[in-house]
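# An overview of the molecular structure
Below are the chains, spelled out letter by letter.
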Amino acid sequence: MLLDVKGLKSGYGRIEALHGIDLSVNKGELVALVGANGAGKTTFLRALSGVQGVTAGTIRYAGEDITRASPQKRVTLGISQVPEGRQVFGPLTVEDNLRLGAFKRRGEDPAADLERMYGLFPILKKKRLDAAGTLSGGQQQMLAMGRALMAHPDLLLLDEPSMGLSPLLVGEIFNIVQMLKEQGVTILLVEQNAYAALAIADRGYVLETGTITLTGAGTDLLANDQVRAAYLGM
Ligand code: ATP
């Protein structure tokens, strides 16, 4: 097991946003965490990357208790987050944004890593000298993913990569997520777009107002009546 979360609670001041989350991700797995707006998905990811305090429970990563580890320490251990809303550095070039990803956790050969990213995302090579702020939403999502991958993560945390993208681009981004999984990257995919996420996930968790209400194989959850009614509009 790569990531093992038990009884995790977190919140904002007196407001508890997560009421004891149990969730695990095995090495090589693609796990989806789906839930509506405000369910607590972002809070959970922020707790995993260490920028959000935890009031109870434990986070174990590769056997190590990292519940109180600094965000920097988690990055050096191999956890990389692609934040919601991408957050690329607009005035910097595409290539400089990618280089910044390698800064946090150096690979053996940054030049080779850049070429690897350009192989994954050919459009970024075309635009390598353009300011990141001039890219479209989908291209910025690719850039944010490329930047995280420059750090050679063992666990990639994706926060709503489909947000604000057209259905066509959502398909493209999810194809890339699937390809990364095939290349051996372990992925926790957090999504409001339950259908697209569960369709490619090995396993899924449904989060409702701070509590996991359902878990199972991605395909089983897609077929689940409760999930279909609540999230898929069926
Ligand atoms: P979204 O899809 O909008 O990102 P989410 O599932 O990621 O939703 P969170 O952003 O984690 O949900 O929010 C979980 C709960 O915590 C919500 O009730 C939200 O109002 C609350 N919350 C989030 N951020 C704060 C904050 N900075 N201060 C107080 N409450 C917050």
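Look a little higher up for the structure.
Now for a look at the structure at hand. Residue positions are given per chain, counted from 1 along the sequence in the order it is written. Reporting in this predicted model follows two pLDDT cut-offs: at least 70 for local features of residues, and 80 or more for side-chain atom pairs to be given and counted; totals over whole chains, interfaces and linings ignore these cut-offs and use all residues. To get the side-chain values, all heavy atoms of the structure are used, and hydrogens and water are removed first.

## A word on the site of the ligand
Let me state the cut-off plainly: One heavy atom within 4 Å of a molecule or strand is enough for the residue carrying it to be called near that molecule or strand. For this analysis, a polar contact is any N or O atom pair within 3.5 Å, provided that within protein one partner can donate a hydrogen and the other can accept it, and provided that sequence-adjacent residues contribute only side-chain to side-chain pairs. The protein chains shown are the only cover counted for residues, whose accessible areas, like all others here, come from Shrake-Rupley with a 1.4 Å probe. Helix and strand assignments follow DSSP, with helices taken as H or I runs no shorter than four residues and strands as E runs no shorter than two, numbered in order from the N terminus. Gly counts as polar in this scheme, as do all residues outside two lists: the nonpolar Ala, Val, Leu, Ile, Met, Phe, Trp, Tyr, Cys and Pro, and the charged Asp, Glu, Lys and Arg.
As a structural note, the neighbourhood of the ligand is formed by 13 residues, with N37, G38, K41, T42 and T43 the closest of them. Residue T42 places a main-chain N or O atom 2.7 Å away from an oxygen atom belonging to the ligand. When isolated, the ligand has an accessible area of 630 Å², and the protein chains bury 60% of it. No other element matches helix α1 (residues 41–49), which puts three residues into the shell around the ligand. For the shell around the ligand, the residue count by class is four nonpolar, six polar and three charged.

## Some points on the sheet that holds strand β7 (residues 155–159)
Stated formally: Here, strands pair whenever DSSP counts at least two bridges between them. Here an axis means a line fitted to C-alpha atoms, over the contact stretch when the element is a helix, while the angle between two N-to-C directions is reported on a 0 to 180 degree scale.
Strands sit in the order β6-β7-β8-β3-β9-β10 across an open sheet of six strands; the sheet is mixed. On the outer flanks of this sheet lie β6 (79–82) and β10 (211–217), each paired with one strand and no other. Here the strands of the sheet are splayed against their neighbours by 15 degrees on average, with no regard to which way each runs.

## Side note on the pattern of salt bridges
To keep things clear, this is the line we draw: Any carboxyl oxygen of Asp or Glu within 4 Å of a side-chain nitrogen of Lys or Arg constitutes a salt bridge here. Summary of the burial criterion: residues with accessible area below 20% of their type's maximum are buried, those above 50% are exposed, and those between are partly exposed, where the area comes from a 1.4 Å probe applied to protein chains only.
A complete count under the given rule lists ten salt bridges for this structure. Of the charged contacts in the structure, one is a salt bridge between E29 and R203, with a shortest N-O distance of 2.6 Å. Of the two residues, E29 sits in the loop between β2 (15–25) and β3 (30–34) while R203 sits in strand β9 (residues 203–208), which places them 174 residues apart along the sequence. The pair formed by E29 and R203 is uniform in burial state, with each residue classed as buried. We note a salt bridge from D202 to K181, for which the minimum N-O separation is 2.8 Å.

## Considering the side chain of E29
Heads up, the rule is: We call two residues in contact when some of their heavy atoms are within 4.5 Å.
Residue E29 is classed as buried on the basis of its relative accessible area, which comes to 10%. A polar atom in the side chain of E29 sits 2.6 Å from the side chain of R203. If near-sequence neighbours (up to four positions away) are discounted, E29 is found in contact with S24, K181, V185, T186, I187, D202 and R203.

## Remarks on the pairing of β10
Bridge count for β9 against β10 is six bridges, and the pairing is antiparallel. Paired with L207 across the two strands is I212, which belongs to β10. Hairpin connection, β9 to β10: the antiparallel pair is bridged by two residues, and T209 has positive phi, about 35 degrees.

## Overview of the packing of helix α6 (residues 137–149) against helix α7 (residues 167–182)
As a reminder, the rule being used: Each angle receives one of four descriptions, namely roughly parallel if under 35 degrees, roughly antiparallel if over 145, roughly perpendicular if within 65 to 115, and oblique otherwise. Left-handed describes a crossing in which the near helix is turned anticlockwise from the far one by less than a right angle; the clockwise case is right-handed.
Taken N-terminus to C-terminus, the directions of α6 and α7 make an angle of 15 degrees; their axes are 10 Å apart at the nearest point. On the basis of their axis angle, the class for α6 and α7 is roughly parallel. Classified by chirality, the crossing of α7 by α6 is right-handed. Across from G138, Q141, M142, M145 and L149 in α6, the residues of α7 making contact are L169, E172, I173, I176, V177 and L180. Taken together, the residues of the contact of α6 with α7 break down into eight nonpolar, two polar and one charged.

## Details of the pairing of β9
Moving residue by residue along a regular strand, the side chains alternate between the two faces of the sheet. When you tally the buried positions in β9, you get five out of six residues, the bulk of the element. Note that β3 and β9 share four bridges and pair parallel. Each residue of the ladder has a partner; that of L33, found in β9, is Y205.

## What about the nonpolar core?
Across soluble globular proteins, nonpolar side chains have a tendency to be buried as a group. Condition: As used in this record, nonpolar core signifies buried Ala, Val, Leu, Ile, Met, Phe, Trp, Tyr and Cys residues forming a set joined through side-chain atoms within 4.5 Å.
Among the nonpolar cores identified, the biggest contains 46 residues, and F121, M145, L156, L180 and I187 are the most heavily contacted of them. Not counting chain neighbours up to four residues away, the residues in contact with I187 comprise V25, E29, L30, V31, L155, L156, L158, V177, L180 and K181. Within the second largest apolar cluster, 27 residues are counted, among which are V25, V31, V54 and Y205.

## Focus: α1
Along α1, seven of the nine residues are buried, which leaves the element largely enclosed by surrounding structure. For α1, every residue scored as buried is listed here: K41, T43, F44, L45, A47, L48 and S49.

Functional significance is not addressed by these values, which are geometric in nature.
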